[in-house]
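Residue-level listing of the chains:
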Protein chains: 2
Amino acid sequence: MRFLITAGPTREYLDSVRYLSNGSSGKMGYACAKAARDRGHQVTLLSGPVELEKPAGVKAMDVISAEEMHRAAMREFSRCDAVIMTAAVCDYRPAVRSRCKISKQKGNLHIHLIPPPDILAELGRRKKRQILIGFAVQDRSARKNAERKLRSKNLDAIVLNSPAAIGADRSEIEILQSGKRWEPLGTIPKRSLAKRLIRLAEQLSASRK
Amino acid sequence: MRFLITAGPTREYLDSVRYLSNGSSGKMGYACAKAARDRGHQVTLLSGPVELEKPAGVKAMDVISAEEMHRAAMREFSRCDAVIMTAAVCDYRPAVRSRCKISKQKGNLHIHLIPPPDILAELGRRKKRQILIGFAVQDRSARKNAERKLRSKNLDAIVLNSPAAIGADRSEIEILQSGKRWEPLGTIPKRSLAKRLIRLAEQLSASRK
């Protein structure tokens, strides 16, 4: 199979220095890329700015912002059989990016944030045969919000975890497949979760044929 | 001598997941900590979230936000002879930090940013015998702004570089000592700059006695 895997955070610049982001380390996505490669799949890894070494045997592409990740994902999507969207793409960005560093002489500052393109939702609308697996980071009404995300974005499965998972090596997770019940996996290393997700994508893809 | 060296960015959280930050890698500060240690000095390294290994033989303390770095710097200051403030401390933070992740169902978002405590300015007011070396990242009226920072914060020297230096291994820099002229150093590795700054602090400290 051909996998498209997204990883890491995006950065949404406010000026030439400051940005909005999150603590995503890329570990989950890089682990998925390695796991897919180890199962003999072709992998494109679309990575936000992280400090990890690119896995050998994987086609890696770097992006910074949600817009860049959106463009690259759309370009790659038609060529792939499964997408695992581990990236913690910013869902707010400054409406305006100042070309120069904003002087702090200005005192207080009001900034206006707008949503960048929603990559998963768009992939969900475009998908034909592709398997689409997403992640939800939730700290309130977690299952309910994740279920809504699964449905509204037309995903095949969603992995739910909490903000504590961000940047960690292991996390407490639950998986929901479309049309099935929640499957709590407990606290497991991201490497184990990665293997599990690749096998899940293989099964879903096989059952679709 | 006893050095206090700050390094890396700070993160200013908007909610449980999203934050404002910058791309500071900590390389400059960690290089200064090693250079000071190698010259036989005692070093306290106050580090924002970076992906670097802590240098051996250095007292290292981790902080996340500008407020935390401020508190730790004030606590350490009276015990030290020189401060090299390489940290790219955020000078804006969200006025309110939401305890839970803000739902993106909300559409556009307005956030109100306020300045956290100005660490360098406060150290400048408190300083007695201490040597204080700061950094300026500027892309407009660079020298003029750096000169104002040197004076207004009562620094002994300031290192000027551009946003391109953030996260890089080398950068084009100029140094200004209080009461002297600008000294352009060209593009040099951060490791070389670190050694130079430690020697400068030694000289300034010696000439003050």
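Quick caveat: nothing in here was measured; it's all calculated off a predicted structure.

### Notes on the overall build of chain A
Move 1: Helix and strand counts for chain A come out as 5 helices and 12 strands.
Move 2: For 209 residues, the compact-globule estimate of 2.2 N^0.38 gives 17 Å, and chain A sits close to it at 17 Å.
Move 3: On the principal axes, the C-alpha backbone points of chain A span a range of 60 × 40 × 30 Å.
Move 4: Here chain A has roughly 9,700 Å² of accessible surface; of this, 46% comes from carbon and sulfur atoms.
Move 5: Of the side chains in chain A, 40 bear a positive and 21 a negative charge, and the two mean positions are spaced by 2 Å.

### Side note on the packing of helix H2 (residues 66–77) of chain A against helix H3 (residues 119–126) of chain A
Residues and elements named next belong to chain A.
Move 1: At a minimum axis distance of 10 Å, the contact between H2 and H3 shows a crossing angle of 20°. Taken together, H2 and H3 sit at an angle that is classed as roughly parallel. Handedness of the H2/H3 crossing: right-handed. Counting all contacts with H2, which are made through Ala66, Met69, His70, Ala73, Met74 and Phe77, the residues of H3 involved are Ile119, Glu122, Leu123 and Arg126.

### Describing the interface of chain B and chain A
Move 1: Facing 37 residues of chain B, the contacting portion of chain A comprises 37 residues.
Move 2: Where chain B abuts chain A, roughly 3,400 Å² becomes buried across the two surfaces, and 53% of that area is made up of carbon and sulfur atoms.
Move 3: When residues of chain B are sorted by the area they lose upon contact with chain A, B:Tyr19, B:Tyr92 and B:Lys104 head the list and together hold 18% of the total.
Move 4: Across the contact surface, chain B and chain A share 2 salt bridges.
Move 5: In this structure, B:Asp91 engages A:Arg18 in a salt bridge whose closest nitrogen and oxygen atoms are separated by 2.6 Å.

### Side note on the pattern of salt bridges
Move 1: Inspection of the entire model under this criterion finds 34 salt bridges over all chains.
Move 2: A salt bridge links B:Asp38 to B:Arg37; the nearest nitrogen and oxygen atoms lie 3.0 Å apart.
Move 3: Taking relative accessible area as the criterion, B:Asp38 reaches 58% and is therefore assigned exposed.
Move 4: Residue B:Arg37 is classed as partly exposed on the basis of its relative accessible area of 28%.
Move 5: As a salt-bridge pair, B:Lys153 and B:Asp118 come within 2.9 Å of each other at their nearest N and O atoms. Remark: B:Asp118 occurs in the loop between strand E8 (109–114) and helix H3 (119–126) and B:Lys153 occurs in the loop between helix H4 (142–152) and strand E10 (157–161); sequence separation between them is 35 residues.
Move 6: Judged by relative accessible area, which is 25%, B:Asp118 ranks as partly exposed.
Move 7: Because the salt bridges share partners, they merge into one network encompassing A:Arg2, A:Asp81 and A:Arg129.

### A few points about the relation of the copies chain B and chain A
Move 1: Taken as rigid bodies, chain B and chain A are interconverted by a rotation of 180° and an axial shift of 0.0 Å, the fit giving an RMSD of 0.0 Å. Such a combination of turn and shift is consistent with a two-fold rotation axis. Nearest to the rotation axis, the C-alpha of B:Leu20 is located 2.2 Å from it, this being the minimum over chain B.
Move 2: By residue overlap, the copies meet face to face through one surface: 100% of the interface positions of chain B are interface positions in chain A.

### A word on the sheet that holds strand E7 (residues 93–94) of chain B
Move 1: Taken together, 4 strands build an open sheet; the order of strands is E7(A)-E8(A)-E8(B)-E7(B) and the sheet is antiparallel. For this open sheet the edge positions go to strand E7 (93–94) of chain A together with E7 of chain B, each flanked by a neighbour on one side alone.
Move 2: Here E7(B) pairs with E8(B) via 2 bridges, running antiparallel. When the bridges of E8(B) are listed, B:Pro94 appears paired with B:Leu113.

### Notes on a positive patch on the surface
All names here are of chain A.
Move 1: Where like charges cluster on the molecular surface, the positive patch consists of Lys34, Arg191, Lys195 and Arg199.
Move 2: Ranked by residue count, the leading element in the positive patch is helix H5 (residues 190–208), at 3 residues.
Move 3: On the secondary structure map, Lys34 appears in helix H1 (residues 27–38).
Move 4: Residue Lys34 is classed as partly exposed on the basis of its relative accessible area, which comes to 39%.

### Brief notes about the pairing of strand E4 (residues 42–47) of chain B
All names here are of chain B.
Move 1: With 5 of its 6 residues buried, E4 lies for the most part within the structure.
Move 2: Of the pairings in the sheet, the one linking strand E1 (residues 2–7) to E4 comprises 6 bridges and is parallel in character. If you follow Arg2 over to E4, its bridge partner there is Gln42.
Move 3: Where E4 and strand E5 (residues 59–62) come together, 4 bridges link them in parallel fashion. Pairing of Thr44 across the sheet is with Lys59, part of E5.

### A closer look at H1(A)
Residues and elements named next belong to chain A.
Move 1: Its 12 residues give H1 an end-to-end C-alpha distance of 16 Å, which sits within 8% of 16 Å, the value for a rise of 1.5 Å per residue.
Move 2: When we look at burial in H1, the residues that qualify are Met28, Gly29, Tyr30, Ala31, Cys32, Ala33, Ala35 and Ala36.
Move 3: Looking at the packing, one finds that the buried side of H1 touches strand E1 (2–7), strand E4 (42–47), strand E6 (82–85), strand E9 (131–137) and H5.
Move 4: Looking one or two residues past H1, Gly40 carries a phi angle of roughly 90°, positive in sign.

### Digging into the side chain of A:Asn22
Residue and element names in this part refer to chain A.
Move 1: With respect to the helices, strands and loops of the structure, Asn22 is situated in strand E3 (residues 18–22).
Move 2: We classify Asn22 as buried; its relative accessible area is 6%.
Move 3: In terms of polar contacts, Asn22 uses its side chain to reach the backbone amide nitrogen of Ser24, at 3.0 Å.
Move 4: Here Ala88 takes part through its backbone oxygen, which lies 2.9 Å from a polar atom of the side chain of Asn22.

Calculation notes
- Residues numbered from 1 in each chain as written.
- Chains lettered and ligands numbered in written order.
- Predicted model: local features only at pLDDT ≥ 70, side-chain atom pairs only at ≥ 80, totals over all residues.
- Heavy atoms only, no water.
- Helix = DSSP H or I, 4+ residues; strand = E, 2+ residues; numbered from the N terminus.
- Rg over C-alpha atoms; globule rule 2.2 N^0.38 Å.
- Areas by Shrake-Rupley, 256 points an atom, 1.4 Å probe, with all protein chains shown as cover.
- Lys, Arg positive; Asp, Glu negative; His and termini not counted.
- Charge placed at Lys NZ, Arg CZ, Asp CG, Glu CD.
- Axes fitted to C-alpha atoms, helices over the stretch in contact; angles between N-to-C directions.
- Parallel < 35°, antiparallel > 145°, perpendicular 65-115°, else oblique.
- Left-handed = near helix turned anticlockwise from the far one by under 90°.
- Contact = heavy atoms within 4.5 Å.
- Buried area = accessible area lost by both parts, 1.4 Å probe.
- Salt bridge = Lys/Arg side-chain N within 4 Å of Asp/Glu carboxyl O.
- Buried < 20%, exposed > 50% of the residue type's maximum accessible area, 1.4 Å probe, protein only.
- Least-squares fit on C-alpha atoms with pLDDT ≥ 70 in both.
- Pairing = 2+ DSSP bridges.
- Patch = residues over 30% accessible without salt bridge, like charges linked within 9 Å, V, L, I, M, F, W, Y side chains within 5 Å.
- Expected span 1.5 Å × (residues − 1).
- Polar contact = N/O pair within 3.5 Å; in protein donor to acceptor, adjacent residues only side chain to side chain.

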